[in-house]
Amino acid sequence: MRAERLPVVTALNAARRTADLDALADGAPLDVVVIGGGITGAGIALDAASRGLRVALVEKRDLAFGTSRWSSKLVHGGLRYLATGNVGIARRSAVERGILMTRNAPHLVHAMPQLVPLLPSLNRGKRALVRAGFMAGDALRWLAGTPASTLPRSRRVPAARVVEMAPTVLRDGLDGGLLAYDGQLIDDARLVTAVARTAAQHGARILTYVAASDAGGASVRLTDQRTGQSFDVSARAVINAAGVWAGEIDGSLRLRPSRGTHLVFDAAAFGNPVAALTIPIPGELNRFVFAMPEQLGRVYLGLTDEAAPGPVPDVPEPSAEEIAFLLDTVNIALGSRLGTADVIGAYAGLRPLIDSGEGRTADVSREHAVVESSSGLISVIGGKLTEYRYMAEDVLDRAIALRGLRPMAPCRTRNLPLIGAPANPGTAIPPMAGLPESLVARYGAEAVNVIGAAACERPVDPVAEGIDVTRAEFEYAVTHECALDAEDILDRRTRIGLVPRDRERAVAVAEEFVARFG
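Residues numbered from 1 in each chain as written. Predicted model: local features only at pLDDT ≥ 70, side-chain atom pairs only at ≥ 80, totals over all residues. Heavy atoms only, no water.

Participant: Talk me through the sheet that holds strand S19 (residues 378-382); I want residue IDs and the actual numbers.
Facilitator: Pairing between the strands of a sheet comes from backbone hydrogen bonds, and it takes one of two forms, parallel or antiparallel. Pairing in this open sheet of 6 strands is mixed, and the strands run S7-S2-S1-S11-S19-S18 from one edge to the other. The open sheet has two free edges, formed respectively by strand S7 (205-208) and strand S18 (368-372), since each of these has just one partner strand. Averaged over all pairs of adjacent strands, the angle between strand axes in this sheet comes to 20°, irrespective of strand direction. Judged from the 5 bridges that link them, S18 and S19 form a sheet pairing that is antiparallel. Bridging from a neighbouring strand, Val 370 pairs with Val 380 of S19. Against the sheet, helix H1 (residues 14-25) contacts strand S2 (55-59) and S7, and its axis sits at roughly 105° relative to S7. Running over the sheet, helix H10 (residues 388-403) touches strand S1 (32-35), strand S11 (237-240), S18 and S19 and is turned about 20° from S18. (Pairing = 2+ DSSP bridges. Helix = DSSP H or I, 4+ residues; strand = E, 2+ residues; numbered from the N terminus. Axes fitted to C-alpha atoms, helices over the stretch in contact; angles between N-to-C directions. Contact = heavy atoms within 4.5 Å.)

Below is the structure:
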């Protein structure tokens, strides 16, 4: 039985983009313009639209083009920040994690087991520190009100259980393991898309491939990157949420980007683990390397924290030193060494840290700041993915106060379910039996709509042999998620593009769907 199509208001596609651009060019009134289509910008657009404000989000490339797709796919509970004495950000992170897992996006964020093997290389003092940290994490979870049924308590497990969860772990001298839980995203770019589409559901205009320039407190020049058309728009408030590119919008801002690199492996290289193998970095108090099981049968190994001075590249590249560091660190805990030949993909992202002077980027605060320039442009800089909702609320509250905006309602996002969450009113919830598990994992309760709305042949067939992304998902990316070209589909609506050999096998299919449904 075919599901009813989603209401058109939730669908982002080329036709809606054209209509929204034409409306803005013709002078459609706006309260807020948001510059930047990453998680922070999308969050601001959703907050503004759900308060009843007239909002447009503009992004010079695609949704989640920048840092928001290059994360560890973790919704951190803030344990690392507690260890450095930053209690405020630690508690906020735990609260925001709980909101995502229980209200906003329970379909996209799940409990991830983090397993620290107790090996001879981990001395008694370090073991005690890790255990104390995990117990502090339990306390944070409790203080945040997140139930143990959502995030189980930490505990010690025997060696046999460690081997079951992480089969390639070093067994010589293994004395069990310490097990804790944190939040894991099925995919960071999918979260951005869900937030942006939910903003559209509340009336926001979401415009990709539209560049912003000459931004001031009440106006900005927009340029359609696909046609070259330019025009000025006015708004009560203009908010710069361009992440590591924020300084290009407001030259007075000072950021200090740091690069975080991940390596991609076939899960079989780690014995198809069911927990994130978590290895303390030698000589560091509160930093770890994680080998995390992910969608598409992959394991992502990360994370580095290296200064990245100079011009901001469109797509950052991992360095040879970072690759060697990650391999050397994970091999401390493995029974058989991994090498560069086992790496099937790699990616790097730049954290938009606030420039606080000297010191390592690893030690720079992850706090955010809201800054008003002399022109009246409002910028939000710094911060971290887990706190995107809180950051959006903060910057929008400031904009309302500074610009005298009159929202119809207070902030609603704490209890607002995203598209795909069962409680979202735009999500159909007929039985999903028989749908591919991977499809349900990525779309939640919306999965049935992905199949039901498909006009393509063989909608539940994979796009290529051995890749568990369906043809219907490619179509949906174009018709409902504003994918305008094959790269949008392969690199952001799905993560097929992380592995070059998979990209080669799927690119022709992606181009076919863009040509047919775009």
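Participant: Please give an account of the packing of aromatic side chains that cites residues and values.
Facilitator: A full pass over the atoms with the stated rule returns 7 aromatic pairs. For the ring pair Phe 288 and Phe 290, a centre distance of 6.2 Å and an interplane angle of 40° mean the geometry is tilted. Given the relative accessible area of 21%, Phe 288 is considered partly exposed. For the ring pair Tyr 300 and Tyr 347, a centre distance of 5.8 Å and an interplane angle of 80° mean the geometry is edge-to-face. Of this pair, Tyr 300 sits in strand S15 (residues 298-302) while Tyr 347 sits in strand S17 (residues 345-351), placing them 47 residues apart in sequence. Taken as a pair, Tyr 300 and Tyr 347 share a single burial class, namely buried. Taken together, the aromatic side chains of Trp 70, Tyr 300 and Tyr 347 make up a single cluster linked through ring pairs. (Phe/Tyr/Trp six-rings, centres within 6.5 Å; stacked < 30°, edge-to-face > 60°. Buried < 20%, exposed > 50% of the residue type's maximum accessible area, 1.4 Å probe, protein only.)

Participant: Report on the nonpolar core, specifying residues and quantitative values.
Facilitator: Proteins that are soluble and globular tend to have nonpolar side chains buried together. Leu 191 and Ile 206 are the most contacted members of the largest nonpolar core, which has 83 residues in total. At 8 residues, helix H7 (residues 188-201) tops the list of elements feeding residues into this core. Summarising the domain contributions, this core has at least three residues from each of domain 1 (14-68 + 189-254 + 364-415) and domain 2 (256-354). Once residues within four sequence positions are removed from consideration, Leu 191 is found in contact with Ile 39, Leu 100, Ala 105, Leu 108, Leu 185, Leu 385, Tyr 388 and Leu 418. Counting residues in each nonpolar core, the second largest holds 31 residues, with Leu 439, Val 450, Ala 472 and Ala 477 among its members. (Core = buried A, V, L, I, M, F, W, Y, C linked by side-chain atoms within 4.5 Å. Domains from an automatic or database assignment.)

Participant: Tell me about the pattern of salt bridges, and name the residues and values.
Facilitator: With the rule as written, the count across this model stands at 38 salt bridges. Arg 51 serves as the salt-bridge partner of Asp 47, at 2.7 Å between the closest nitrogen and oxygen. There is no split in this pair, since Asp 47 and Arg 51 are both buried. Salt bridges sharing partners connect three or more residues here, namely Asp 62, Asp 488, Arg 492 and Arg 493. (Salt bridge = Lys/Arg side-chain N within 4 Å of Asp/Glu carboxyl O.)

Participant: Kindly report on the sheet that holds strand S9 (residues 219-224), identifying the contributing residues and their values.
Facilitator: Strand order in the open sheet made by the 3 strands is S8-S9-S10, with antiparallel pairing throughout. With one partner strand each, in any of the chains shown, strand S8 (210-213) and strand S10 (230-234) form the two edges of the open sheet. Across the sheet, the axes of successive neighbouring strands diverge by a mean angle of 30°, strand direction being ignored. Strand direction decides the pairing type here: S9 and S10, joined by 5 bridges, are antiparallel. Of the residues in S10, the one forming a bridge with Thr 223 is Ser 230.

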